[in-house]
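Here is how the chains run, residue by residue.
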Amino acid sequence: MSLLEHTDSESDQRSDQSVIVLILSLPLKFFRIYVDFFKRRPLGAICSLIVLIMCVIGLFAPLLAPHDPLRSEPPIRNLPPWSEHWFGTDLNGRDLLSRVIYGSRLSLLIGVSSVIIGTLFGSIWGLVSGYWGGGFDLISQRLVEIWMSFPGIILAMTLLVIMGGGIIPVTIAISFGRVPSGTRVIRSVAIATREYTYVEAARAIGMSDARIIIKHVLPSCISSFLILSTANIGGGIIAEASLGFLGLGVPPPVATWGNMLSSNVLIALKPSWWLIVFPGLAIVITVLSFNLFGDALRDVLDPRLRGEH
Amino acid sequence: MFKYAARRLLLAIPTILGASVVIFVVLRILPGDVLAAMFGEDEAMVKIDPAARQKFLEDLHLDKPLYAQYFLWLKDFGTGQLGESFWLKRPVFDIIKRKFPITLEIAVLSFVMAWIIGIPVGILSAMKQDTSWDYGGRVATIMFLATPNFWLGALLILFLVTFFAWVPPIIYKPLWEDPWTNLQMVFFPSLISATGQAAIIARLSRSSMLDVFREDYVRTAHAKGLTSSRVVRRHVLRNALIPVITLGFLTFGNALEGSVVLEVLFNLPGMGQTLLQAIFDKDFVIVQNFVLIYAGLFIIINLLVDLMYGWLDPRIRYG
C-alpha cells in the first residue's frame, strides 16, 4: 500500500467506533444521572424542570407571547385580566402576559449570567490565590475583605452611576457583588486540596503549577462552584428586579420583570393588582425553583455542606 | 480577649481606608471633568454662575491633583465639612444628620422584629422536627427567602389600600416629635425587612439546634433522665445559639441594604432614597459620602460580629 491509499487498521477502526459510541451514549448517561437525581431528591428535580420550563419560555418567547410586548393601544390601558389579555394590560396599554414572557428572557439572562460571571471570576481568583499562597494571597485576602464591605445593591448602584443603564452594565454591576463569595469558598477548597498527597507527588515529579491546578485542584472546585452559582442565581434575579424597581436597570420600554415592577407602578395611588402580582409571581416561582434546585444539587454533590436535612 | 479585640480593630481600619480608596477611584475615573459629568457636557444647559462653580471647585478640591483630592476628602469626612449638595442646596453633613436617623430606625426596628419572629420559629421547627410545625416553618422560610422585599411591600400596601382603605402617612414626623405617626410610617417597611431577615435567622437556628441535638452531651443528658425542656434550656440553647447570634447579626447588614429599596417604596426620607436621587442627579458629593457611610457601617457590623464570636466562643480567641 502506498501512503496515499491509507485505509484504517483494525485498531483504528475500533477506536473510532468507541468514540462514536461514547458520544452517542452521553445523552443516555445524562438521562440515567437525571433519573437518579429524581429518585434521591424529587423536589430538586421538579424544580430543575421548572427552571428548564422558564428557560424554554424565554427562548421561545416570540412563539408563545400572544401579543407584541412593545406595542400599545391606548384605548385598552390598565385593563384587568380578561379573555383577550390573560394578565391584563399595563399603564401603557401593552399586554402584560406577553411582557412577562418576554421579560423572562432578560431577567433570566441577566440574573444567570451576572452570577456565573461574578462567581467564575471570583473562583479563578480564589483558586490561584489559595494555591499560590504567600504575598499574593495576603493582598488578595485584604482586597476581598474590602470588596465584601460593600452591600450588593449599593455597589451595583455606585457602578451604575458611571456606567448608566442597559443590559451589559446591569449584568456587570450585579456580577461585582458575587465575586467575594466565590473567592472565599474556592480559595478554601484550593487550600485544602493543595495539601493532598497526590498534589505533593505531582509537584515532586516536576509538574508545572498550571498543570497541577488544572488536573488536580480544579475538579474539587467544580462542585463547589456549581453549588455556589446555582444557590446565588436566585439572588441575582432578585438583584436585577431591585435595580429595575429603583429605575436603574434596563430602561423601558424593553420588558424585564424588574422594570415592570418599577416604582411608578407600585407607588401609584390606586395600584392595579395584576400589574404587581403577575411579574412578582414570575420572580418568586423562578427564584424559588433555582433555590430549591441549588439546595438539592448541594445535597447530592457535597452532603458535608448540608446544614439541615 | 483584649489582644483579639485589638487585632480585629486594627484590621478594620485599613479595610475602611481601602473601601474609601475604592469609592474614590470608582467615582473619579470618569474621563473628563467631574463637573461636566455632574452638569452635562454643555455647560450652557445648566446655568451655573461663576461663584457657584468656584465654590464647587473648592468644595471638591477639584483644582488640586488627584491624590490630594483623596486626602482632602478624608480630612473633610473626618471633620464633617463635606461641602454642599448642588441639588439639595444644603450642606451634606446636614443632610446626613437628617436622613441617617430614619434609616437607622428602620434597620434597628426590623432587626429586633426579625429576631423576635425568627428565633422561636427556628427553635420550634427544630424541636418538632418533621412534624407539620416543622414543614410549615420551612415552607414559610423558603418562600420569604425567594420574594423580593419591595414586592412583598407592594402587596402589603395593595392589601391595606384595598381592604382597609388605609395609606401610610405622607409627611414624615421624627420619633420624638410625633411617635404615633412615625411608627405608622416605619412599622410596615420594618416588618417587610424583618421577614427576610427572620427567614435567614429561622433557618440558621433550626440547623444549628439540629446539629447540637446530635451531640453526645445531649444524648448523655437525656440518658441521665432530664426532661426534654430542661435539656434544651440548659444544654442545647446556649451552644446552638452561638452561631445564630454571630451570623445572625450579619443580617443587620442585609437590613441596611434592603432599607434602600423599602425607603423608596414607602416614600421615607432616609439615606437610601436620598442616595437614589443623588444617583439620578449624578450628585457625586452625596454618592461618594453616602456609600462610604454604608460601607463603614458594614465593616463595623462585621467587626462587632467577630468580637462577639470571640467573646461567646473561647475557642476562637485562642485559636
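Worth saying up front: this structure is predicted, and the values here are computed from it rather than measured. (Residues numbered from 1 in each chain as written. Chains lettered and ligands numbered in written order. Predicted model: local features only at pLDDT ≥ 70, side-chain atom pairs only at ≥ 80, totals over all residues.)

## Focus on the confidence of the model for chain B
Residues shown with low pLDDT carry predicted positions that ought not to be read at fine detail. Quick note on the threshold: Every residue carries a pLDDT, the predictor's confidence in it, which falls somewhere between 0 and 100.
The predicted model of chain B averages 81 in pLDDT, with 87% of residues at 70 or higher. As a predicted assembly, this complex carries a pTM of 0.85 together with an ipTM value of 0.85.

## Thoughts on the interface of chain B and chain A
For clarity, the cut-off: The contact criterion used here is simple: two residues whose C-beta atoms, placed from the backbone, lie within 7 Å are in contact. Secondary structure elements follow DSSP: runs of H or I no shorter than four residues count as helices, runs of E no shorter than two count as strands, and numbering proceeds from the N terminus. Only Asp, Glu, Lys and Arg are considered charged, only Ala, Val, Leu, Ile, Met, Phe, Trp, Tyr, Cys and Pro nonpolar, and every remaining residue, Gly among them, polar.
Listed as interface residues are 39 residues of chain B and, on the opposing side, 36 residues of chain A. Among the elements of the structure, helix H1 (2-28), helix H6 (132-146), helix H7 (149-164), helix H8 (179-213), helix H11 (251-265), helix H12 (271-281) and helix H13 (284-312) of chain B are those that each provide at least two residues to the side of chain B that touches chain A. A per-class count over the side of chain B that touches chain A returns 30 nonpolar, 6 polar and 3 charged.

## Regarding the confidence of the model for chain A
Within chain A, residue pLDDT values average 84, and 92% of them lie at 70 or more. Between the elements of chain A, mean pLDDT differs from a low of 70, seen in helix H11 (residues 263-266) of chain A, to a high of 91, seen in helix H4 (residues 96-132) of chain A.

## Some thoughts on the environment of B:Asp76
Residue and element names in this part refer to chain B. Note that Asp76 resides in helix H4 (residues 66-79). Here the alpha-carbon distance between Asp76 and Ala107, two residues 31 residues apart in the chain, equals 27 Å. Apart from the residues within four sequence positions on either side, Asp76 is in contact with Gln81 and Leu82.

## Brief notes about the packing of H11(B) against H12(B)
Residues and elements named next belong to chain B. To keep things clear, this is the line we draw: Interaxial angles span 0 to 180 degrees and are taken between N-to-C directions of axes, which are lines fitted to C-alpha atoms, for helices over the stretch in contact. Orientation labels follow simple angle bins: below 35 degrees gives roughly parallel, above 145 gives roughly antiparallel, 65 to 115 gives roughly perpendicular, and whatever is left gives oblique.
Relative orientation of the contacting elements H11 and H12 amounts to 85 degrees, with a least axis distance of 7 Å. Comparing the axis directions of H11 and H12 gives the class roughly perpendicular. The residues of H12 that touch H11, namely those facing Ser259, Val260, Glu263 and Val264, are Gly272, Gln273, Leu275 and Leu276. Of the residues contributing to the contact of H11 with H12, the split by class is 4 nonpolar, 3 polar and 1 charged.

## Some points on unusual backbone geometry
All names here are of chain B. A positive phi angle, close to 65 degrees, is found at Asp130, a residue other than glycine. Assignment of secondary structure puts Asp130 in the loop between helix H5 (92-127) and H6. Phi angles above zero are rare outside glycine, and Asn267 is one such case at about 55 degrees. By the secondary structure assignment, Asn267 is in the loop between H11 and H12.

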